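# Close look at the chain arrangement
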Amino acid sequence: MDLLYNSKRTKASVGTPNALMKHFVLLFLFSVGFSLLAQAQTTAVSGTVTDSHKEPLPGVSIKVKGSEAGTSTDVDGKFNIRVPANAVLVFSYVGFKPTEVKVGQRTTLSVVLQEDATTLQEVEVVAIGYGNQKKSTLTGSVATVSSAEILKSPTASPTNSLIGKLPGLQATQTSGQPGADAASIKIRGVATFDQNSEAIVVVDGIERPSFADVDPNEIETVTILKDAASTAVYGIKGANGVIVITTKAGKLGKPRINYTGNMGLQTYTGIPVGLNAHDNAFLLNEAYKNDGKPEPFTAEELTKFADGSDPLGYPNVQWFDYLTRKYYPQTNHNISVSGGTKIAKYFVSVGYLFQDGIFKKFDSPYGINTVPNYNRYNFRSNLDLNLNKNLTVGVKLGGRLDKRYQPSGLRSSSAFSYDTMEGMISRILQTPSFAFPVMLPDGRIAQNPDVGTNIWNPYAILTRFGTRNDNKNTIESTFNINYKLDGITKGLSFKANFGYDAYYENTARRNSNWEAWVYNRRTGEITLSTDTRNRNEPLSAIVTNNYDPITGDINSNTHVGFNYERSFGNHNVSGLILGTRQLLRTNTSGDIFASPPRASQGVVNRITYNYSEKYFFEFNGSYNGSENFMSGRQYGFFPAMSAGWTVTKEDFLRNSKVLSYLKIRGSYGKVGNDRVGGRRFLFLTSYDNGGTGSLGNPGNNVQFGSPSSPTSYPVLWLPDNNLGNI
């Protein structure tokens, strides 16, 4: 009993309030002392982390080497961390080389990370048909160029900036006219029949007519899809390749204001050099002599051309040099604001482009500006919203206002029409230097109808023939929704993309006329020209002349479907199923073939598999159709298969000093084209009167069908009217 009592008594004494308080105070003092000791042995270090372009990098992992202590940078690339003495910090970020920094006695660090090309290859995401894919997992033929490379060539049109930057891309610039100097782009040459051999253009997931007038400062990447494995998802439109444009988007961080501007001089690359008056007249004499005809110029007249003793009767006018200038200015300005939070990211851009033209400034009695020019105003607003952890919404708006002006003449179907800059320059080069002087001494326009048909005074054409103004308004809108369906199965998501675009174009032509006077070089007589240039007429009202001065299009595109992407250990799979529909409306009048809307619709499918990102297999396909073909033949199936093997990921090449990256791939597929023959509805019967009269007249040949058509429908010839009434 005594032992038991004493034991209980002892336990009771330990649990008294005074004893507990004593233990708590001792524990607290021990903890504070340990903490103070630890604080005394560490140092607070802060700093920023940027890339080689001085752009802050958010989310960079920072760890103390040899311990678990670490942190990460905020949206501005800044960080704070406590480190022990002589600590080494390890900075790591996707796509950049890991960097170790010895802190030493410093309390502030400024760290610059360098891009790792090998790692970047494995993580870089590129835009492909109806989605994105890691570059390292591609099995189709795809090439990409970034905005940094595009902006190295300060051209007005981004189509010209791509020349020489993407393998397989052929760009041909056929005009230097301000506002009309875009390049024609082909991918891997000509793949289809007739004139329609250019690649289709996709901007932010929506097919668009062109990207020639998009401000290069708005573009993030340009990707070209070259083989059937990458273009099969476009099916009936993918035969000539696809150009995929991705515009810039906002990034997490504070608002960033960026201004880009440049000024430069343009010039032509090559113009045929015209002969001087003496050489031209001499060779003309030779031509007449070879034909057994009298020579038009005597030896004395040739001498006058050479010595310039009579510039009125025997002029030597180098018309191209007289009317044009060697250099003419161009200026481009852009200002953008971008940034974002975890909820909303934005990119807003405004741009202005001005191009001057090749002709000099001359006074005109009709107030005609002789210098062609082009003004373009660009606007873009891209907004991405994370409404919750599963739902993201994007709204992208792009707009352009184009104003192109040129001195102009009569519109015609000729390749040398005075209605185009190319035609005017061709006419200038056709005018002989000995033809006539620019003006008579009293200021009247000189001309000589005997020189050639429609060889009018080029100076008068610039100052007295007319004007042409082309105005274009463009609005391109894209709305997209992405909703994660991980509640059904991990990696599944719903996506919808809708594009609605409006294009408006107005062409205003005005013509005028002038009095032209003929100076007889041998008699000195001055007479009024006998052709249509025999009266002064000021600028007329807007001329239509069998063309519609106002045109426009309204295009809509809808894509709705599901994405799936998931990894099972080393097995990575993804899939896409998508329904597509496109409707292109135009207000083209007077043509029963061109007026109806163009329409296409179908289903797109993609399945990819890779093992450890070493072995790859991919299937792409689409079943789609076009209204351009007859009922029963409007739809087709366009499949493609591809496979790849990253050899450098094998053990026997993993540490190779010769090869850093090697991938072998192959593909096979089928794609189509719905614009053939240069016209629509080739299955419809048509006829042509053969050019010898009208239908029903005796001896007239009537042609049914089109012998130049790629279709196999028969062509029937009716040699005369013996078949009776038709």
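Calculation notes
Residues numbered from 1 in each chain as written. Predicted model: local features only at pLDDT ≥ 70, side-chain atom pairs only at ≥ 80, totals over all residues. Heavy atoms only, no water. Helix = DSSP H or I, 4+ residues; strand = E, 2+ residues; numbered from the N terminus. Buried < 20%, exposed > 50% of the residue type's maximum accessible area, 1.4 Å probe, protein only. Contact = heavy atoms within 4.5 Å. Areas by Shrake-Rupley, 256 points an atom, 1.4 Å probe, with all protein chains shown as cover. Pairing = 2+ DSSP bridges. Axes fitted to C-alpha atoms, helices over the stretch in contact; angles between N-to-C directions. Salt bridge = Lys/Arg side-chain N within 4 Å of Asp/Glu carboxyl O. Patch = residues over 30% accessible without salt bridge, like charges linked within 9 Å, V, L, I, M, F, W, Y side chains within 5 Å. Arc of directions from axis to C-beta. Parallel < 35°, antiparallel > 145°, perpendicular 65-115°, else oblique. Nonpolar A, V, L, I, M, F, W, Y, C, P; charged D, E, K, R; others polar. Phe/Tyr/Trp six-rings, centres within 6.5 Å; stacked < 30°, edge-to-face > 60°. Lys NZ or Arg CZ within 6 Å of the ring centre and 35° of its normal. Core = buried A, V, L, I, M, F, W, Y, C linked by side-chain atoms within 4.5 Å. Polar contact = N/O pair within 3.5 Å; in protein donor to acceptor, adjacent residues only side chain to side chain.

## Some thoughts on the overall build of the chain
When helices and strands are tallied, the chain shows eleven helices and 36 strands. Sorting the 726 residues of the chain into buried and exposed places 40% on the buried side. When contacts within the chain are restricted to residue pairs at least 6 apart in sequence, long-range pairs at least 24 apart make up 65% of them. A total of about 38,200 Å² of accessible surface is found on the chain, and carbon and sulfur atoms cover 57% of it.

## Description of the sheet that holds strand 5 (residues 88-92)
The sheet built from four strands is open, its strands ordered 3-2-5-6 with antiparallel pairing. Bordering the open sheet on either side are strand 3 (70-72) and strand 6 (99-102), each of which pairs with just one other strand. Pairwise comparison of adjacent strand axes, ignoring direction, gives a mean angle of 20° for this sheet. Bridging between strand 2 (residues 61-64) and strand 5 involves four bridges; their strand directions are antiparallel. Residue pairing in the sheet places Ser-61 in a bridge with Ser-92 of strand 5.

## Section: the pattern of salt bridges
Applying the stated criterion to the full structure yields 25 salt bridges. Residue Arg-256 is joined to Glu-55 by a salt bridge in which the shortest nitrogen-to-oxygen separation is 3.3 Å. Taken as a pair, Arg-256 in strand 17 (residues 253-266) and Glu-55 in the loop between strand 1 (42-50) and strand 2 lie far apart in primary sequence, 201 residues in all. Looking at Arg-256, the relative accessible area reads 27%, which means it is partly exposed. Judged by its relative accessible area of 35%, Glu-55 is partly exposed. The salt bridge involving Arg-468 is made with Asp-419; its shortest N-O contact spans 2.7 Å.

## A closer look at a nonpolar patch on the surface
Residues Ile-257, Tyr-259, Ile-335, Val-337, Val-348, Val-350, Phe-379, Leu-397, Phe-479, Phe-498, Tyr-500 and Ile-554 make up a contiguous nonpolar surface patch of roughly 1,000 Å² in combined accessible area. For the nonpolar patch, the secondary-structure elements that each account for two or more residues are strand 17, strand 18 (328-340), strand 19 (344-356) and strand 24 (492-511). Residue position: Tyr-259 is located in strand 17. A residue is classified by how much of its surface remains accessible, and Tyr-259, at 52% relative accessible area, is exposed.

## Looking at helix 8 (residues 299-307)
Buried within helix 8 we find Glu-301, Leu-302 and Phe-305. All buried residues of helix 8 lie within an arc of 105° about the axis, which places them on one face of the element. In this structure, helix 8 carries Ala-299, Glu-300 and Ala-306 as exposed residues pointing more than 90 degrees from its buried face. Looking at the buried side of helix 8, the elements it contacts are helix 7 (277-290). Trailing helix 8 by a residue or two, Gly-308 shows a phi angle of about 70°, which is positive.

## Here we look at the packing of helix 7 against helix 8
For the pair helix 7 and helix 8, the least separation of the axes is 8 Å and the interaxial angle reads 155°. For the element pair helix 7 / helix 8, the angle class is roughly antiparallel. Where helix 7 abuts helix 8, its residues Ala-277, His-278, Ala-281, Phe-282 and Asn-285 lie against Leu-302, Phe-305 and Ala-306. Classifying every residue of the contact of helix 7 with helix 8 by side-chain character gives six nonpolar, two polar and no charged.

## Looking at helix 10 (residues 421-430)
Along helix 10, the residues classified as buried are Met-421, Gly-423, Met-424, Ile-425, Arg-427 and Ile-428. Those residues of helix 10 hidden inside the fold are in contact with helix 9 (319-323), strand 21 (391-407) and helix 11 (458-464).

## Quick notes on unusual backbone geometry
Residues apart from glycine generally show negative phi values, whereas peptide bonds are mostly found in trans. Positive phi, close to 65°, is recorded for Lys-54, a residue that is not glycine. Residue placement: Lys-54 occurs in the loop between strand 1 and strand 2. On the accessibility criterion, Lys-54 (61% relative accessible area) is exposed.

## Some remarks on the packing of aromatic side chains
In this structure the tally under the stated criterion is 20 aromatic pairs. With 5.7 Å between their ring centres and 70° between their planes, Phe-79 and Phe-91 make a pair best called edge-to-face. Separated by twelve residues along the polypeptide, Phe-79 in strand 4 (residues 78-84) and Phe-91 in strand 5 bring together distant segments of the chain. There is no split in this pair, since Phe-79 and Phe-91 are both buried. By the ring-pair criterion, three or more aromatic residues cluster together here, those being Phe-297, Phe-305, Tyr-314 and Phe-434. Positioned over the ring face of Trp-456 is Arg-533, at 4.1 Å from the centre of the ring. Sitting above the plane of the Trp-514 ring, Arg-533 keeps its charged end 5.0 Å from the centroid.

## Comments concerning the nonpolar core
If you look at the biggest cluster of nonpolar residues, it comprises 29 residues, and the most contacted ones within it are Trp-319, Leu-323, Ile-358, Phe-359, Tyr-459, Ile-461 and Trp-514. The set of elements that each furnish at least two residues to this core consists of helix 9, helix 10, strand 22 (445-446), helix 11 and strand 25 (513-519). Those residues within four positions of Trp-514 in sequence are excluded, and the remaining contacts are Tyr-366, Ile-445, Gln-447, Trp-456, Ala-460, Ile-461, Arg-464, Phe-465, Arg-533, Asn-534, Arg-535 and Asn-536.

## Digging into the environment of Gly-423
Within the secondary structure, Gly-423 is located in helix 10. For Gly-423, a relative accessible area of 0% puts it in the buried group. Along the backbone, Gly-423 and Gly-409 are 14 residues apart, and their C-alpha atoms lie at a distance of 9.7 Å.

## Considerations on the environment of Arg-325
For Arg-325, the position within the fold is in the loop between helix 9 and strand 18. It is 6.1 Å that separates the C-alpha atoms of Arg-325 and Phe-359, two residues lying 34 residues apart in sequence. Leaving out residues up to four positions away in the same chain, Arg-325 has contacts with Tyr-268, Asp-356, Gly-357, Ile-358, Phe-359, Lys-360 and Val-371. Reaching out from Arg-325, the side chain makes a polar contact with the backbone oxygen of Gly-357 at a distance of 3.0 Å.

## A few points about the side chain of Ser-338
Mapping Ser-338 onto the fold places it in strand 18. According to the relative accessible area criterion, Ser-338 is buried, its value standing at 18%. For Ser-338, the contacting residues outside a window of four places in its chain are Gly-250, Lys-254, Pro-255, Arg-256, Tyr-346 and Phe-347.

## Remarks on the pairing of strand 5
When a strand is regular, its side chains alternate between the sheet's two faces. By the alternation rule, side chains of strand 5 split into Leu-89 and Phe-91, which are all buried, and Val-88, Val-90 and Ser-92, of which none is buried. Between the end of strand 5 and the start of strand 6, which pair antiparallel, lie six residues, with Gly-95 showing a positive phi angle near 90°.

## Observations regarding the sheet that holds strand 10 (residues 142-146)
The sheet built from five strands is open, its strands ordered 10-15-16-13-14 with mixed pairing. Every other strand in the sheet has two partners, leaving strand 10 and strand 14 (206-208) as the edge strands with one partner each. Pairs of neighbouring strands in the sheet enclose a mean axial angle of 25°, with direction left out of account. With five bridges joining them, strand 10 and strand 15 (residues 219-225) adopt antiparallel strand pairing. Following the sheet pairing, Thr-144 is matched in strand 15 by Thr-223.

## Section: the side chain of Glu-218
Tracing the sequence through the fold places Glu-218 in the loop between strand 14 and strand 15. Filtering out sequence-adjacent residues up to four positions away, Glu-218 remains in contact with Thr-247, Lys-248, Ser-349, Asn-378, Phe-379 and Arg-380.

## Details of the pairing of strand 4
Of the two faces of strand 4, only the one carrying Phe-79, Ile-81 and Val-83 is buried; Lys-78, Asn-80, Arg-82 and Pro-84 on the other face are not. With seven bridges connecting them, strand 1 and strand 4 associate as antiparallel partners. Across the sheet, the residue bridging to Thr-42 is Pro-84, located in strand 4.

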